Amino acid sequence: MLIDNRVGIAPELQAQDRKWMRRTMALADRAAEAGEVPVGALVVRDGQAIGEGWNSPIGSSDPSAHAEIAALRMAAQQAGNYRLPGSTIYVTLEPCPMCAGALVHARVSRVVFAAYDPRTGAAGSVFDVLCSPHNLHRPQVRGGVLQEEAGTRLRAFFRERRT
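For the structure given in this document, a descriptive report is provided here. (Residues numbered from 1 in each chain as written. Predicted model: local features only at pLDDT ≥ 70, side-chain atom pairs only at ≥ 80, totals over all residues. Heavy atoms only, no water.)

We now examine the overall build of the chain. When helices and strands are tallied, the chain shows 5 helices and 6 strands. Across the chain, helices and strands are ordered from the amino to the carboxyl terminus as β-α-β-β-α-α-β-α-β-β-α. The globule rule puts the C-alpha radius of gyration for 163 residues at 15 Å, and the 14 Å found for the chain is close to it. With the C-alpha coordinates aligned to their principal axes, the bounding extent of the chain is approximately 45 × 35 × 30 Å. Counting all 163 residues of the chain, 46% fall into the buried class. By sequence separation, contacts in the chain at least 24 residues apart represent 60% of the contacts at least 6 residues apart. (Helix = DSSP H or I, 4+ residues; strand = E, 2+ residues; numbered from the N terminus. Rg over C-alpha atoms; globule rule 2.2 N^0.38 Å. Buried < 20%, exposed > 50% of the residue type's maximum accessible area, 1.4 Å probe, protein only. Contact = heavy atoms within 4.5 Å.)

The buried count for strand β2 (residues 40-45) comes to 5 of 6 residues, which makes it a mostly enclosed element. As paired strands, β2 and strand β3 (residues 48-54) are joined by 6 bridges and run antiparallel to one another. Of the residues in β3, the one forming a bridge with Leu42 is Glu52. Linking β2 to β3, which pair antiparallel, is a turn of 2 residues; within it Asp46 sits at a positive phi near 55°. By the bridge criterion, 5 bridges tie β2 to strand β4 (residues 87-93) in an arrangement that is antiparallel. Note on β4: the bridge partner recorded for Ala41 is Val91. (Pairing = 2+ DSSP bridges.)

Okay, structure coming up:
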């Protein structure tokens, strides 16, 4: 179930989500510096960052090299397990269907994203992969955290690419 960013979230959790999302924005900047779509992801468990990533499909010639996949891979290595219960992933753009599927399989507890993706978003915008009743695991989903900041980065990146 997608949770509205403006209601139902304890103030201390809102502050924590903003703190981690700001760090995730810096990861998105690393992608942009490499000429990739500026998306960053950060996996946090027990108050510690255990995995991070940024988009790199162009540079790595790998269509699965999305920020979320890189962050999940690092977190799984750190945890010594492909399942990550009790973790939260922060991502600057709503996950696509591929990434949403990986998040479900990894048993991530919370998915917090910044900008909504009206074309391929799989956290409720276009598809609802994360919260499908067919899944054995359904994470809590919160969208819109620092949405304007992430949206500004994405729009600037694509505006620059078009010129």
